[in-house]
Amino acid sequence: MIELKEVSFSYPSSAGSRRPVFQELNLRIPRGRYAAMMGPNGSGKTTLGKLVKGLLSPSSGEVRIDGRPLQAGEVSPRVGYIFSNPENQIVSSIVEEDVAFGLGNRGMAPGRMSARVEESLRMVGMAEYRTHSPHLLSGGQQQKVVIAGILAMECEVLVLDEPTSMVDLRDRREILDLFQRLHEDQGITLLHITHSFEEALQAKDFIYLENGRVSFLGPPEGFLASAPFAGGSNLQIPPLYQLIQGLRKRGHVIPPEVRSYAELKTFLLERGKAPRS
Ligand SMILES: Nc1ncnc2c1ncn2[C@@H]1O[C@H](COP(=O)(O)OP(=O)(O)O)[C@@H](O)[C@H]1O
Ligand SMILES: [Mg+2]
């Protein structure tokens, strides 16, 4: 579970009077939930993720992970953080050493460590690359190595900060399926920050952050049905929803249950048959 209680945060700035990123923000993501977070650039998504991991500490208020409050300056070992750029998270020149890095820091015995590394690499489909150099792999493969390293640490919470933005299409689907499996099979709590609505649709909860405030919290389909789609945001709306949005703008009433082209077609055809009022 991720809990933010009245969290305020500002970056130290030379100007002195910079607007805080968060003011008394409250947010609760229950244990084992898969939550997606979207919002315009600069709305505070990454800052929120870093507060959850403890890479930043609130100026007031509290962050709790599974009920346990993070102390000021404490980086939570229960939380894994995956950034967009895997190169920034790769620390070794051999895949298996990279995956083992965190375990080594924890002082795990080599035999156990090797088994855990093997298992983690297998989970992300990268076992055959264990002796390769991560720097020669594709962005998607590198991201899988980073994810294996985090899985090896057996975190209860994962913060995924635009994890597929440097990943090609083929690896992207695999990585997204992996997140879904981690959520379903292992009950890991996921906070998945993304610019892609298609990605967000695989989460149960959807959070829209605007100017450091949660302006929507609910199922992603609910957001699509209700959102004004504010100009200036770089929300990537799937083409189907752009079409539905366009139809709604022209006065057509399309119910939120319509979630595929086939359903839209059926709905429009059925409506066409109905007598006009
Ligand atoms: N290291 C930093 N120092 C000062 N200001 C920052 C820093 N990182 C982010 N900010 C500011 O904090 C706000 C939120 O940024 P961020 O959390 O990165 O947003 P997002 O991830 O939603 O794009 C923005 O106004 C941004 O300019
Ligand atoms: Mg960000």
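Residues numbered from 1 in each chain as written. Chains lettered and ligands numbered in written order. Predicted model: local features only at pLDDT ≥ 70, side-chain atom pairs only at ≥ 80, totals over all residues. Heavy atoms only, no water.

**As for the overall build of the protein chain**
Turning to step 1, where the next piece is worked out: Broken down by element type, the protein chain carries nine helices and ten strands.
Turning to step 2, where the next piece is worked out: Taken along the three principal axes of its C-alpha coordinates, the protein chain extends 75 × 50 × 35 Å.
Turning to step 3, where the next piece is worked out: Looking at the protein chain as a whole, 48% of its 277 residues are labelled buried.
Turning to step 4, where the next piece is worked out: Counting only contacts in the protein chain whose residues sit at least 6 apart along the sequence, the fraction spanning at least 24 positions is 63%.
Turning to step 5, where the next piece is worked out: Accessible surface, the protein chain as shown: approximately 14,000 Å² in total, 51% of it carbon and sulfur.
Turning to step 6, where the next piece is worked out: Computed over 32 positive and 31 negative side-chain charges, the inter-centroid distance for the protein chain is 6 Å. (Helix = DSSP H or I, 4+ residues; strand = E, 2+ residues; numbered from the N terminus. Buried < 20%, exposed > 50% of the residue type's maximum accessible area, 1.4 Å probe, protein only. Contact = heavy atoms within 4.5 Å. Areas by Shrake-Rupley, 256 points an atom, 1.4 Å probe, with all protein chains shown as cover. Lys, Arg positive; Asp, Glu negative; His and termini not counted. Charge placed at Lys NZ, Arg CZ, Asp CG, Glu CD.)

**Examining the site of ligand 1**
Turning to step 1, where the next piece is worked out: Taken together, eleven residues are adjacent to ligand 1, and Gly-42, Gly-44, Lys-45, Thr-46 and Thr-47 come closest.
Turning to step 2, where the next piece is worked out: Between ligand 1 and Gly-44, the relevant distance is 3.0 Å, taken from an oxygen atom to a main-chain nitrogen or oxygen of the residue.
Turning to step 3, where the next piece is worked out: One of the side-chain nitrogen or oxygen atoms of Lys-45 is found 2.7 Å away from an oxygen atom of ligand 1.
Turning to step 4, where the next piece is worked out: Computed on the free molecule, ligand 1 has an accessible area of 560 Å², of which 60% lies beneath the protein chains in the complex. (Near = heavy atom within 4 Å. Polar contact = N/O pair within 3.5 Å; in protein donor to acceptor, adjacent residues only side chain to side chain.)

**As for the side chain of Gln-142**
Turning to step 1, where the next piece is worked out: Relative to the elements of secondary structure, Gln-142 occurs in helix α4 (residues 139-152).
Turning to step 2, where the next piece is worked out: Setting aside anything within four residues of it in sequence, one finds Gln-142 in contact with Pro-86, Glu-87, Ile-90, Pro-134, His-135 and Leu-137.

**What to know about the domain arrangement of the protein chain**
Turning to step 1, where the next piece is worked out: Splitting the protein chain by domain gives domain 1 (2-222) and domain 2 (238-277).
Turning to step 2, where the next piece is worked out: Here the C-alpha centroids of domain 1 and domain 2 sit 36 Å apart. (Domains from an automatic or database assignment.)

**Quick word on the packing of α4 against helix α5 (residues 169-186)**
Turning to step 1, where the next piece is worked out: Remark: α4 packs on α5, axes separated minimally by 9 Å, with the N-to-C direction vectors making an angle of 15 degrees. Considering their axes alone, α4 and α5 lie roughly parallel with respect to each other. The chirality of how α4 crosses α5 is left-handed. Each of Gly-140, Gln-141, Gln-143, Lys-144, Ile-147 and Leu-151 in α4 lies in contact with α5, whose residues at this interface are Asp-171, Glu-174, Ile-175, Leu-178, Phe-179 and Leu-182.
Turning to step 2, where the next piece is worked out: Of the residues that constitute the contact of α4 with α5, the class distribution is six nonpolar, three polar and three charged. (Axes fitted to C-alpha atoms, helices over the stretch in contact; angles between N-to-C directions. Parallel < 35°, antiparallel > 145°, perpendicular 65-115°, else oblique. Left-handed = near helix turned anticlockwise from the far one by under 90°. Nonpolar A, V, L, I, M, F, W, Y, C, P; charged D, E, K, R; others polar.)

**Some details on the sheet that holds strand β10 (residues 213-218)**
Turning to step 1, where the next piece is worked out: Taken together, six strands build an open sheet; the order of strands is β6-β7-β8-β3-β9-β10 and the sheet is mixed. Edge positions in the open sheet fall to β6 (79-82) and β10, since each of these has one partner strand only. Each neighbouring strand pair of the sheet contributes to a mean axis angle of 15 degrees, computed without reference to strand direction.
Turning to step 2, where the next piece is worked out: Sheet topology places strand β9 (residues 205-210) next to β10; five bridges connect them, and they run antiparallel. (Pairing = 2+ DSSP bridges.)

**A look at the sheet that holds strand β1 (residues 2-9)**
Turning to step 1, where the next piece is worked out: Reading across the sheet, the four strands line up as β2-β1-β4-β5 and stay open at both edges, with antiparallel pairing between neighbours. One side of each edge strand has no neighbouring strand; the edge strands of this open sheet are β2 (22-29) and β5 (68-69).
Turning to step 2, where the next piece is worked out: In this sheet, β2 lies alongside β1 in antiparallel orientation, the contact comprising five bridges. Note on β2: the bridge partner recorded for Leu-4 is Leu-27.
Turning to step 3, where the next piece is worked out: Across the sheet, helix α1 (residues 45-53) lies against β1, β2 and β4 (60-65), angled at about 115 degrees from β1, the strand it touches most.

**Some thoughts on the side chain of Lys-144**
Turning to step 1, where the next piece is worked out: Checked against the element boundaries, Lys-144 lands in helix α4.
Turning to step 2, where the next piece is worked out: Given the relative accessible area of 5%, Lys-144 is considered buried.
Turning to step 3, where the next piece is worked out: A polar contact is formed between the side chain of Lys-144 and the side chain of Asp-171, at a distance of 3.2 Å.
Turning to step 4, where the next piece is worked out: Lys-144 has contacts with Val-124, Met-126, Asp-171, Glu-174 and Ile-175, leaving out every residue within four places of it along the chain.

**Topic: the pattern of salt bridges**
Turning to step 1, where the next piece is worked out: The full count for this structure, using the stated rule, is 13 salt bridges.
Turning to step 2, where the next piece is worked out: In this structure, the salt-bridge partner of Arg-78 is Glu-156, at a minimum N-O distance of 3.2 Å. Remark: Glu-156 occurs in the loop between α4 and β7 (157-161) and Arg-78 occurs in the loop between β5 and β6; sequence separation between them is 78 residues.
Turning to step 3, where the next piece is worked out: With a shortest N-O distance of 2.6 Å, Arg-130 and Glu-96 are connected by a salt bridge. Note that Arg-130 is positioned in the loop between α3 (110-123) and α4 and Glu-96 in helix α2 (residues 95-105), a separation of 34 residues in sequence.
Turning to step 4, where the next piece is worked out: Among the residues examined, Arg-130 registers a relative accessible area of 18% and is labelled buried.
Turning to step 5, where the next piece is worked out: Residues participating in the shared-partner salt-bridge network are Lys-144, Arg-170, Asp-171 and Glu-174. (Salt bridge = Lys/Arg side-chain N within 4 Å of Asp/Glu carboxyl O.)

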